Amino acid sequence: MKATKTAPAPRTMHYLPGVTLRLTGAAETRVVPRRDQVDVYLPGAIVILWDEQAAWTMMTVWRNAGGQAERVFGARRAAGYTVINRHTSHITIGLQGKQSVEVFARNYLHSRSQCGELAIAVGPLTIVADDREAYDRQVATWREAAAAANAVFNRKRGRARR
């Protein structure tokens with residue numbers, strides 16, 4: 001019996017796109033609880049939190065980065081930097097369950113704003129705070145989102161966490 005060659009299995013490649021938002025100052029944000037999700041509106045993006053764990057991950061990583069924020073920003077104020085005038089692009093990102101988390105910090109010598117930067121990556125989303133005001137705003141936003149998620153998902157399960 002003669003051996004026949006079989007064709008190699010086709011290779012499948014998967015790409016996980018990532019989104020990076022750079023924020024400076026107290027950028028306007030909004031948290032909107034829905035029936036079965038929580039929408040977080042950030043400049044240029046909407047983050048949909050599909051469960052409580054995703055919300056708590058975001059809140060925890062921003063809160064825990066406080067020590068780094070203090071070292072990176074200190075009392076420095078952000079210097080202005082040129083932003084290329086591009087068309088505004090809005091993207092929607094959904095987060096669900098446990099996500100990978102990374103925190104990156106640069107001191108004032110190596111940042112665009114000349115006051116430091118703190119980048120927090122959760123899953124495919126990276127948010128860069130270019131100054132202390134932006135960092136503080138994100139902490140408050142994700143705290144509000146976690147509280148909203150607690151209410152939405154516990155109401156959905158028929159109980160409220162205290």
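Our subject is the structure listed above.
Thresholds applied
- Residues numbered from 1 in each chain as written.
- Predicted model: local features only at pLDDT ≥ 70, side-chain atom pairs only at ≥ 80, totals over all residues.
- Heavy atoms only, no water.
- Helix = DSSP H or I, 4+ residues; strand = E, 2+ residues; numbered from the N terminus.
- Buried < 20%, exposed > 50% of the residue type's maximum accessible area, 1.4 Å probe, protein only.
- Contact = heavy atoms within 4.5 Å.
- Areas by Shrake-Rupley, 256 points an atom, 1.4 Å probe, with all protein chains shown as cover.
- Pairing = 2+ DSSP bridges.
- Axes fitted to C-alpha atoms, helices over the stretch in contact; angles between N-to-C directions.
- Expected span 1.5 Å × (residues − 1).

A.B. asks: Can you explain the overall build of the protein? Please cite residues and give values.
C.D. replies: Counting its secondary structure elements, the protein contains 3 helices and 8 strands. Reading the protein from its N terminus to its C terminus gives the helix and strand order β-β-β-β-α-α-β-β-β-β-α. Across the 162 residues that make up the protein, the buried fraction comes to 41%. Long-range contacts, defined here as pairs at least 24 residues apart, represent 69% of the contacts in the protein between residues at least 6 apart. Accessible area for the protein stands at about 10600 Å²; split by element, carbon and sulfur atoms hold 51% of it.

A.B. asks: Would you mind going over the sheet that holds strand β3 (residues 38-42) in detail, with residue names and values included?
C.D. replies: One open sheet holds the 4 strands; their spatial order is β2-β3-β4-β5, and the pairing between them is mixed. Two strands lie at the open edges of the sheet, namely β2 (30-33) and β5 (91-95), each paired on one side alone. Put simply, the sheet's adjacent strands are angled 20° from each other on average, direction ignored.

A.B. asks: I'd love a proper account of helix α1 (residues 52-64), names of residues and values included.
C.D. replies: Look at α1: 18 Å from first C-alpha to last across 13 residues, which is about the 18 Å you get at 1.5 Å a residue. For α1, the full list of buried residues reads E52, A54, A55, T57, M58, M59, V61 and W62.

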